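Below are the chains, spelled out letter by letter.
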Amino acid sequence: MSRRYSAFSLFANALNYNRKWPRVWRNPEPKASYDAIIVGGGGHGLATAYYLAKEHGYRNIAVLEKGWIGGGNTGRNTTIVRSNYLWTEASLLYEKSMKLWEGLSADLNYNVMFSQRGVYNLGHSLQDMRDIERRVAANQLNGIDAQVVSRQQLTKAIPGLNTAATARYPILGASLQPRAGVARHDAVAWGYARAADALGVDIIQQCEVTGFDMQAGQIRGVRTSRGDIAANKVAVVVAGHASVLAGYAGFRLPLESHPLQAFVSEPLKPVLDTVVMSNAVHGYISQSDKGELVVGAGIDSYIGYGQRGSFQTIEHALQAIIELFPAFSRVRMLRMWGGIVDVSPDACPIIGPTPVKGLYFNCGWGTGGFKATPGSGWVLAHTMAHDQAHELNAPFKLERFASGALIDEHGAAAVAH
Ligand code: FAD
Ligand code: PYC
């Protein structure tokens with residue numbers, strides 16, 4: 001359909017407050033039953049629905065979101081995408097996601113603004129550098145791009161980074177993943193939503209799941225703020241609220257829900273064309289396409305569901321950034337916010353079946369699940385369709401906390417826990 005835009009149509013649209021704009025996805029009423037229900041309309045839930053429809057031919061699917069899609073951690077994160085995890089199980093899962101990111105805008109026909117500008121993880125001590133060398137070697141063995149970078153190379157590559165030997169925590173070097181970068185988080189939610197909707201997925205917002213219908217150990221449906229809905233397959237993808245929903249189903253998860261904060265500055269001209277993270281001083285920074293410096297912290301140490309954190313964490317993170325980039329002390333901060341992240345004991349996700357047949361959970365991504373959005377949806381869709389884990393998510397079952405087969409990724413998580 002051809003459209004004519006003019007100064008007048010812009011004016012008319014402003015006055016009618018976008019009432020004539022076409023919907024990008026439908027706003028359906030919930031049906032009485034679906035073949036599969038996804039609880040949680042964040043990036044992971046929407047991606048799960050999309051791949052379930054696209055790769056496995058499901059058409060009768062609903063995504064139930066208690067607020068608005070992308071209003072949880074998906075719209076609150078600092079958008080770092082990388083796959084440089086230590087252990088083979090984790091690196092293969094995150095690398096699957098990275099490969100999907102590399103074709104995502106074309107696949108969804110929606111620009112998710114994936115920018116592979118590289119991510120540096122700084123080392124400030126000999127032990128940091130030993131860990132970096134070990135992780136880079138492990139990544140290379142798994143076919144993942146990774147390099148050890150010297151202090152001299154950092155000085156050249158990142159103007160403004162304080163690489164002086166006199167710094168409180170001198171920078172000795174870093175790891176670099178050149179294919180890593182950032183993406184536009186809202187666009188990821190919107191792109192998956194539009195593509196899933198086009199395949200017939202019902203995206204139902206303002207619909208909170210308040211309980212489950214279970215008979216003889218099998219899931220039969222969900223109770224919601226808009227009535228009961230039947231389904232023999234239900235996936236719960238609610239990040240920081242996973243423990244609450246597990247409670248409705250009668251089991252416990254080894255998760256703690258913590259606030260994680262981030263902040264942005266006033267917009268600046270381009271000053272930083274990469275992503276810099278330091279676990280030792282507890283801060284990381286990039287610059288958004290709007291020009292804002294995007295700064296993040298370690299988690300707030302207490303447990304809670306309020307989407308806000310403490311002032312001392314903000315102060316600590318900003319001190320870290322000023323230590324790394326002294327010139328940024330003159331930049332004014334614009335706003336801050338928090339999300340609730342679901343941290344597991346080994347800093348790895350839980351993806352797969354639960355003690356209730358037909359009920360699947362995908363949670364425990366903690367501070368690092370945005371990068372995993374495509375891969376997480378892809379493996380969960382496979383698991384639901386086949387009622388069996390894909391080999392990429394088989395190591396991430398809930399049982400590992402009983403068997404002891406943990407996958408310790410605290411080091412690669414790169415955000416202080
Ligand atoms: P969410 O986007 O939180 O979606 C879950 C949805 O479930 C929410 O929309 C919620 O409203 C809904 N829900 C909850 N309960 C119910 C219910 N009862 N019924 C219906 N719906 C319900 N990761 C990275 O990889 N890189 C980063 O740079 C990064 N930075 C981060 C910075 C911050 C400040 C935060 C908070 C997180 C960061 N993360 C990062 C982590 C990342 O944001 C999350 O791991 C990821 O977004 C989780 O996606 P999700 O779709 O599972 O969760
Ligand atoms: O996992 O890369 C990450 C990350 C960065 C900020 C928060 N998480």
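Residues numbered from 1 in each chain as written. Chains lettered and ligands numbered in written order. Predicted model: local features only at pLDDT ≥ 70, side-chain atom pairs only at ≥ 80, totals over all residues. Heavy atoms only, no water.

Describing the overall build of the protein
Note the cut-off: Only DSSP runs of H or I covering at least 4 residues are called helices, and only runs of E covering at least 2 are called strands; the numbering of each starts at the N terminus. Within these notes, the globule rule equals 2.2 Å times the number of residues to the 0.38 power, and the radius of gyration is based on C-alpha atoms. Exposed residues in this analysis have more than 50% of their type's maximum accessible area, buried residues have under 20%, and partly exposed residues fall in between, with area computed by a 1.4 Å probe over protein chains only. The contact criterion used throughout is that any non-hydrogen atoms of two residues lie within 4.5 Å. All accessible areas in this document rest on Shrake-Rupley with a 1.4 Å probe, and a residue is counted as covered only by the protein chains that are shown.
Of the regular secondary structure elements, the protein holds 11 helices and 19 strands. What you see for the protein is a C-alpha radius of gyration of 22 Å, in line with the 22 Å of a compact globule of 417 residues. Counting all 417 residues of the protein, 56% fall into the buried class. Long-range contacts, defined here as pairs at least 24 residues apart, represent 75% of the contacts in the protein between residues at least 6 apart. For the protein, the accessible area works out to roughly 18,500 Å², and carbon and sulfur atoms hold 54% of it.

Structural notes on the site of ligand 2
Stated precisely, the cut-off is as follows: For each residue, the test is whether any non-hydrogen atom lies within 4 Å of the molecule or strand; if one does, the residue is near. Pairing of N or O atoms within 3.5 Å defines a polar contact, subject to two protein rules: one partner must be a possible hydrogen donor and the other a possible acceptor, and residues neighboring in sequence count only if both atoms are side-chain atoms. Think of it as three bins: nonpolar holds Ala, Val, Leu, Ile, Met, Phe, Trp, Tyr, Cys and Pro, charged holds Asp, Glu, Lys and Arg, and polar takes everything else, Gly as well.
The environment of ligand 2 is made up of T78, I80, R82, M277, Y284, T367, G368, K371, A413 and V415. Separating an oxygen atom of ligand 2 from a side-chain N or O atom of R82 is a distance of 2.8 Å. Notes on ligand 2: free accessible area 240 Å², of which the protein chains cover 95%. Partitioning the shell around ligand 2 into residue classes produces 5 nonpolar, 3 polar and 2 charged.

Structural notes on the site of ligand 1
The full set close to ligand 1 counts 38 residues, and E65, N73, T74, T78 and G369 are the nearest of them. At 3.2 Å from an oxygen atom of ligand 1 is found a main-chain nitrogen or oxygen belonging to G43. Between ligand 1 and I80, the relevant distance is 2.9 Å, taken from an oxygen atom to a main-chain nitrogen or oxygen of the residue. About the coverage of ligand 1: the protein hides 96% of its 1,000 Å² of free accessible area. Among the elements of the structure, α2 (43-56), β13 (256-267) and β17 (333-343) are those that each provide at least two residues to the shell around ligand 1. The leading source of residues in the shell around ligand 1 is β13, at 3 residues. Looking at the shell around ligand 1 residue by residue, the classes come out as 15 nonpolar, 18 polar and 5 charged.

With respect to the packing of aromatic side chains
Selection criterion: A pair of aromatic rings is counted whenever rings of Phe, Tyr or Trp (Trp by its six-membered ring) have centres within 6.5 Å, and the orientation is called stacked for planes under 30 degrees apart, edge-to-face for over 60 and tilted otherwise.
Applying the stated criterion across every chain, the model contains 9 aromatic pairs. Residues F251 and F361 carry aromatic rings whose centres are separated by 5.5 Å and whose planes lie at 70° to one another, so their mutual orientation is edge-to-face. Here the residue F251 occupies a position in the loop between α7 (242-249) and β13, and F361 occupies one in strand β19 (residues 359-363), the gap between them amounting to 110 residues. Across the pair, exposure class does not vary: F251 and F361 are buried alike. Site record: aromatic cluster; members linked through ring pairs are Y50, Y51 and Y192.

Remarks on the sheet that holds strand β9 (residues 209-215)
Rules: Should DSSP find at least two bridges between two strands, the strands are regarded as paired. For helices, the axis comes from a line fit to the C-alpha atoms of the stretch in contact; other axes are also lines fit to C-alpha atoms, and the angle between any two N-to-C directions lies between 0 and 180 degrees.
Overall, antiparallel pairing links the 3 strands, which are arranged β9-β10-β11 in an open sheet. Every other strand in the sheet has two partners, leaving β9 and β11 (227-230) as the edge strands with one partner each. Between one strand axis and the next, the sheet turns by 25° as a mean value, whatever way the strands run. As judged from the 6 bridges shared by β9 and strand β10 (residues 218-224), these two strands associate in the antiparallel manner. Paired with G211 across the two strands is R223, which belongs to β10.

Side note on a nonpolar patch on the surface
The condition that has to hold: For patches, a residue must show more than 30% relative accessible area and have no salt bridge; joins then use 9 Å for like charges and 5 Å for nonpolar side chains, namely Val, Leu, Ile, Met, Phe, Trp and Tyr. Any Lys or Arg side-chain nitrogen located within 4 Å of an Asp or Glu carboxyl oxygen qualifies as a salt bridge.
The grouping of F8, F11 and L15 at the surface amounts to a nonpolar patch, some 390 Å² of accessible area in total. Considering the arrangement of structural elements, one finds L15 in helix α1 (residues 7-15).

Details of the pattern of salt bridges
This model, assessed by the stated rule, comprises 18 salt bridges. One salt bridge connects R179 with E102, and the closest N-O pair in it is separated by 3.0 Å. In this pair, R179 sits in the loop between β6 (173-177) and β7 (181-182) while E102 sits in helix α3 (residues 88-108), placing the two residues 77 residues apart along the sequence. Of the residues examined, R179 reaches a relative accessible area of 21% and is grouped as partly exposed. By relative accessible area, which is 38% here, E102 ends up partly exposed. What emerges from the salt-bridge pattern is a single network uniting E95, K99, E102, D145 and R179.

Observations concerning the confidence of the model for the protein
Definition in use: By definition, pLDDT measures how confident the predictor is in each residue, and it falls between 0 and 100.
The pLDDT averaged across the protein works out to 95; a share of 99% of its residues lies at or above 70. Per-element confidence in the protein ranges from a low mean pLDDT of 74 for α1 to a high of 99 for strand β12 (residues 234-236).

Some points on the sheet that holds strand β8 (residues 202-204)
Taken together, 6 strands build an open sheet; the order of strands is β8-β2-β1-β12-β19-β18 and the sheet is mixed. The open sheet has two free edges, formed respectively by β8 and β18 (350-353), since each of these has just one partner strand. The average undirected angle you get between the axes of adjacent strands in this sheet is 15°. One ladder, built from 3 bridges, connects β12 with β19; its direction is parallel. When the bridges of β19 are listed, V236 appears paired with F361. α7 contacts β1 (36-39), β12 and β19 of the sheet and is inclined by roughly 160° relative to β19.

A word on the packing of α2 against helix α9 (residues 373-386)
Where we set the bar: Oblique is the label for any angle not under 35 degrees, not over 145, and not in the 65 to 115 range, which are roughly parallel, roughly antiparallel and roughly perpendicular in turn. For a crossing to be left-handed, the near helix must be turned anticlockwise from the far one by less than a right angle; the clockwise case is right-handed.
Packing of α2 against α9 leaves a shortest axis separation of 7 Å and a crossing angle of 55°. The angle between the axes of α2 and α9 places the two elements in the oblique class. Like other packed secondary-structure pairs, α2 and α9 cross with a definite hand, here right-handed. Here G43, H44, A47, T48, Y51, L52, E55 and H56 of α2 come into contact with α9, specifically with T373, P374, S376, G377, W378, L380, A381, H382, M384, A385 and H386.

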